[in-house]
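# Coordinate inspection notes
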Amino acid sequence: MREEKQLLLDEVQNHLKKNDAFLIMRYKGLTANKANEFRGDLAKKGGFVEIVRKRILLKAAKAAGVELDLEALEGHIGIIMAGEDPLDTAKFVFKFGQDNDKAVEVLGGRFEGQLYNAAEMETLSKLPGRDEMRAQLLSALEAPMSQTLGVMDAVLSSVVYCLDNKCKQASEDNN
């Protein structure tokens, strides 16, 4: 193997070993401006894309312990290394593909150590993000406490209203 290919192979292997989550994409009809926009927006999310030859990707994946199917990898291939939030990266890639006439199409990926096909990755990308799930959990915990506080406040307020009405009634009887 030539030295340049070996360096590229080593680089892709290191990325696959370091990153638990990645997406494999196919691109077609992606203009230079759109590709630059895609890379820039992906970098803002903490991820990056690497365009690789299929054989290099297959060898790097095999060395990293990931088995990929050559028949599933049609066309020009790239690998997207997910950032801090892999679901957020997947959402972005699917949205970018939809907004740009399928110029970028997800073929599959790995998330939390498990390989998924394109349909499964799309399903995962539709899940709420980490911050959304935290907000949902907090609202689920907050609602019963808020309702309990409202009931306790109503009970205490009703006692005060009763005493106030009794005082008013007593003062009217004295007049």
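Scroll up for the structure.
The structure reproduced in this document is the subject of the present report. Everything numeric here is computed off the predicted structure, so don't read it as measured data.

### So, the overall build of the protein chain
Scanning the protein chain from terminus to terminus reveals six helices and five strands. Computed over C-alpha atoms, the radius of gyration of the protein chain comes to 28 Å, more than 25% over the 16 Å expected from 2.2 N^0.38 for 175 residues, which places it beyond the range of a compact globule. Projected onto its principal axes, the C-alpha positions of the protein chain cover 110 × 35 × 25 Å. Burial analysis of the protein chain (175 residues in total) assigns 31% to the buried set. Partitioning the contacts of the protein chain with sequence separation of at least 6, the portion at a separation of at least 24 is 77%. Within the structure as shown, the protein chain displays about 11700 Å² of accessible surface, and the carbon and sulfur contribution to it stands at 53%. Of the side-chain charges in the protein chain, 24 are positive and 28 negative, and the distance between the mean point of each set is 8 Å.

### Regarding empty space enclosed by the protein
In this structure the tally under the stated criterion is one cavity of 30 Å³ or more. What lines the largest cavity is simply Ala21, Phe22, Leu23, Ala82, Pro86, Leu87, Thr89, Ala90, Arg110, Phe111 and Met121. Breaking the lining of the largest cavity down by element, the ones donating at least two residues are β1 (22-27), α4 (86-99) and β4 (104-111). Broken down by element, the lining of the largest cavity gets its largest block of residues, four residues, from α4. When its residues are assigned to classes, the lining of the largest cavity shows nine nonpolar, one polar and one charged.

### Things to note about the pairing of β1
Counting buried residues in β1 gives five out of six residues, a clear majority hidden from the surface. The pairing of β1 with strand β3 (residues 76-81) spans six bridges and is classified as antiparallel. In the sheet register, Arg26 faces β3, and the bridge partner there is Ile77. Judged from the six bridges that link them, β1 and β4 form a sheet pairing that is antiparallel. Its bridge partner being in β4, Leu23 is matched across the sheet by Gly109.

### Things to note about the packing of aromatic side chains
Taken as a whole, this structure holds three aromatic pairs when the rule is applied. Ring centres 5.7 Å apart and planes at 15° place the aromatic pair Phe38 and Phe92 in the stacked group. Taken together, the residues span a long stretch of sequence, with Phe38 in helix α2 (residues 32-44) and Phe92 in helix α4 at a distance of 54 residues. Comparing Phe38 with Phe92 shows no difference in burial state: the two are buried. When the centroid spacing of 4.8 Å and the interplanar angle of 45° are considered together, the rings of Phe38 and Phe96 count as tilted. One end of the pair, Phe38, is in helix α2; the other, Phe96, is in helix α4, with 58 residues separating them in the sequence.

### Section: α4
Over its 14 residues, α4 runs 20 Å from end to end, which matches the ideal 20 Å to within 8%, given 1.5 Å per residue. Listed as buried for α4 are Pro86, Leu87, Thr89, Ala90, Phe92, Val93, Phe94, Phe96 and Gly97. Buried residues belonging to α4 abut β1, α2, β3, β4 and α5 (118-125).

Reading guide: rules and limits
- Residues numbered from 1 in each chain as written.
- Predicted model: local features only at pLDDT ≥ 70, side-chain atom pairs only at ≥ 80, totals over all residues.
- Heavy atoms only, no water.
- Helix = DSSP H or I, 4+ residues; strand = E, 2+ residues; numbered from the N terminus.
- Rg over C-alpha atoms; globule rule 2.2 N^0.38 Å.
- Buried < 20%, exposed > 50% of the residue type's maximum accessible area, 1.4 Å probe, protein only.
- Contact = heavy atoms within 4.5 Å.
- Areas by Shrake-Rupley, 256 points an atom, 1.4 Å probe, with all protein chains shown as cover.
- Lys, Arg positive; Asp, Glu negative; His and termini not counted.
- Charge placed at Lys NZ, Arg CZ, Asp CG, Glu CD.
- 1 Å grid on protein atoms, 1.4 Å probe; cavity = no way out; pocket = protein on both sides within 12 Å on 5 of 7 lines; lining within 4 Å.
- Points joined across faces, edges and corners; volume = space filled by probe spheres on them.
- Nonpolar A, V, L, I, M, F, W, Y, C, P; charged D, E, K, R; others polar.
- Pairing = 2+ DSSP bridges.
- Phe/Tyr/Trp six-rings, centres within 6.5 Å; stacked < 30°, edge-to-face > 60°.
- Expected span 1.5 Å × (residues − 1).

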